[in-house]
Amino acid sequence: MGEKIRLDRLVASQLPDVSRADVKKMCLKKRLAVNGKLMARSDVRVDTDDEITLDGKRIEYKKHIYIMMNKPQGVVCSTKDGESTTVLELVPENMRRKGLFPAGRLDKDTVGFVLLTDDGELSHRMLSPKSHVPKTYHVRLERPWEENYKQLFAQGMTIDGGEKCLPAEFEGSPENELECTLVLHEGKYHQVKRMFTKLGNKVVFLKRTAIGELPLDEKLAPGECLEIMHKDVERLSTICEMPCK
Ligand code: URA
């Protein structure tokens with residue numbers, strides 16, 4: 001047994017451009033069926049496990065949707081932008097929902113893992129300063145990384161404007177002196193770039209490769225989306241026990 005919910009609310013919640021008034025019209029036109037029975041009224045209560053069809057096509061009920069996007073360069077994470085393409089515009093039709101938004105932002109020139117969801121509660125939990133969900137970044141630098149970086153990141157850095165950062169984990173690539181990985185437990189504005197600026201270096205390429213314990217799927221081409229299934233959603237929001245400094 002699922003949850004009991006009004007038919008109009010259920011259908012409108014699953015289809016991006018459909019209002020409850022539209023669902024009423026669908027019923028009047030005999031387009032909506034519940035468990036094979038055409039519904040004349042949209043204000044009836046149904047079970048979320050019921051088989052609901054529109055013009056014979058199944059509407060699979062999902063309370064929330066979670067999407068992994070491999071954000072390309074030049075695309076912005078805000079929901080509206082006059083000039084640039086937004087991440088929402090890249091979401092394919094079958095994954096669109098009302099209230100979908102990016103849970104955490106990447107800069108326009110940063111690529112990689114962006115989570116989009118209509119689950120306000122998860123998003124709030126992940127973005128809360130108390131949550132410390134680790135975010136992993138692959139970084140290419142202008143100048144070679146130095147041996148002391150690991151310790152400087154680990155002890156917590158103070159960046160421009162006097163902002164104190166939580167300890168972060170730095171790993172220089174053994175094969176390439178310009179490449180490294182950084183794991184942050186918070187998300188200050190332009191944080192990765194500002195931290196390397198503080199060290200007298202410069203980020204020339206930045207890609208988010210994981211959120212929590214969930215890595216970006218390597219098969220996802222830039223701009224592509226993948227729906228994340230329930231067990232993987234849990235891997236996103238592992239709360240790190242690191243104390244706040
Ligand atoms: N840090 C940055 O500087 N930019 C991003 O997009 C993400 C983290």
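Enquirer: Residues and numbers for the overall build of the protein chain, please.
Expert: Per the secondary structure count, the protein chain includes six helices and 17 strands. The dimensions of the protein chain, computed from C-alpha atoms along their principal axes, are 70 × 35 × 35 Å. In the protein chain, once contacts between residues fewer than 6 apart in sequence are set aside, the share between residues at least 24 apart is 64%. Surface summary for the protein chain: the accessible area is close to 13500 Å², and the carbon and sulfur share equals 52%. The protein chain carries 41 positive and 39 negative side-chain charges, and their two centres are separated by 7 Å.

Enquirer: Can you explain the nonpolar core? Please cite residues and give values.
Expert: Side chains of a nonpolar character, in soluble globular proteins, are inclined to be buried together. If you look at the biggest cluster of nonpolar residues, it comprises 33 residues, and the most contacted ones within it are Val139, Phe153, Leu182, Val192, Met195 and Phe196. Put simply, the parts of the chain that give this core at least two residues each are strand 7 (66-71), strand 9 (111-117), strand 10 (135-141), helix 4 (149-154), strand 14 (179-184), helix 5 (191-198) and strand 15 (203-211). Residue assignment places this core across two domains, with domain 2 (62-127 + 219-238) and domain 3 (134-211) each supplying three or more. Excluding anything up to four places from it in sequence, phenylalanine 196 contacts Val139, Leu141, Tyr149, Phe153, Phe170, Cys180, Leu182, Asn201 and Val203. Ranked by size, the runner-up nonpolar core spans 16 residues in total, among them Leu10, Val11, Val23 and Met26.

Enquirer: Account for the pattern of salt bridges, naming residues and giving values.
Expert: Here the structure, examined in full by the defined rule, presents 20 salt bridges. Residue glutamate 227 pairs with lysine 62 through a salt bridge whose shortest N-O separation is 3.2 Å. Of the two residues, glutamate 227 sits in strand 17 (residues 225-227) while lysine 62 sits in the loop between strand 6 (57-59) and strand 7, which places them 165 residues apart along the sequence. A residue is classified by how much of its surface remains accessible, and glutamate 227, at 21% relative accessible area, is partly exposed. The exposure class assigned to lysine 62 is partly exposed, which follows from its relative accessible area of 33%.

Enquirer: Explain the pairing of strand 13 (residues 169-172) residue by residue, including any values.
Expert: Because side chains alternate across strand 13, one face comprises the buried residues Phe170 and Gly172, and the other comprises Glu169 and Glu171, none of which is buried. The sheet contact formed by strand 13 and strand 14 spans four bridges and is antiparallel. The partner of glycine 172 across the bridge, within strand 14, is cysteine 180. Hairpin geometry of strand 13 and strand 14 is characterised by an intervening segment of six residues between the two adjacent antiparallel strands.

Enquirer: Would you mind going over the domain arrangement of the protein chain in detail, with residue names and values included?
Expert: Taken domain by domain, the protein chain holds domain 1 (4-58), domain 2 (62-127 + 219-238) and domain 3 (134-211). Listed by partner, the interface residues are 16 residues for domain 2 and 10 residues for domain 3. Where domain 2 abuts domain 3, roughly 1000 Å² becomes buried across the two surfaces, and 52% of that area is made up of carbon and sulfur atoms. A per-residue breakdown of the area domain 2 buries against domain 3 is headed by Asp107, Val111 and Phe113, which together make up 44% of the total. For the pair domain 2 and domain 3, the number of links is two salt bridges. Seen at the junction of domain 2 and domain 3, the total is six residue pairs in polar contact (both at pLDDT 80 or more).

Enquirer: Please give an account of the site of the ligand that cites residues and values.
Expert: Taken together, the residues surrounding the ligand are Leu106, Asp107, Thr110, Tyr137, His190, Gln191, Val192, Lys193 and Leu206. Within the side chain of aspartate 107, a nitrogen or oxygen atom sits 2.7 Å from a nitrogen atom of the ligand. For the ligand, the accessible surface in isolation is 240 Å², of which the surrounding protein chains cover 95%. Counting atoms within 2 Å of the grid points, the majority share of the ligand lands in the largest pocket. No other element matches helix 5, which puts three residues into the shell around the ligand. Taken together, the residues of the shell around the ligand break down into four nonpolar, three polar and two charged. Split by domain, the shell around the ligand shows at least three residues from each of two domains, domain 2 (62-127 + 219-238) and domain 3 (134-211).

Enquirer: How would you explain helix 1 (residues 7-14) if you had to name every residue and give the values?
Expert: Burial of helix 1 is extensive: six of the eight residues sit out of reach of the surface. Where helix 1 is buried, its residues meet strand 1 (4-6), helix 2 (20-28), strand 2 (32-34), strand 4 (45-47), strand 5 (52-54) and strand 6.

Calculation rules
- Residues numbered from 1 in each chain as written.
- Predicted model: local features only at pLDDT ≥ 70, side-chain atom pairs only at ≥ 80, totals over all residues.
- Heavy atoms only, no water.
- Helix = DSSP H or I, 4+ residues; strand = E, 2+ residues; numbered from the N terminus.
- Contact = heavy atoms within 4.5 Å.
- Areas by Shrake-Rupley, 256 points an atom, 1.4 Å probe, with all protein chains shown as cover.
- Lys, Arg positive; Asp, Glu negative; His and termini not counted.
- Charge placed at Lys NZ, Arg CZ, Asp CG, Glu CD.
- Core = buried A, V, L, I, M, F, W, Y, C linked by side-chain atoms within 4.5 Å.
- Buried < 20%, exposed > 50% of the residue type's maximum accessible area, 1.4 Å probe, protein only.
- Domains from an automatic or database assignment.
- Salt bridge = Lys/Arg side-chain N within 4 Å of Asp/Glu carboxyl O.
- Pairing = 2+ DSSP bridges.
- Buried area = accessible area lost by both parts, 1.4 Å probe.
- Polar contact = N/O pair within 3.5 Å; in protein donor to acceptor, adjacent residues only side chain to side chain.
- Near = heavy atom within 4 Å.
- 1 Å grid on protein atoms, 1.4 Å probe; cavity = no way out; pocket = protein on both sides within 12 Å on 5 of 7 lines; lining within 4 Å.
- Sits in = over half its atoms within 2 Å of the grid points.
- Nonpolar A, V, L, I, M, F, W, Y, C, P; charged D, E, K, R; others polar.

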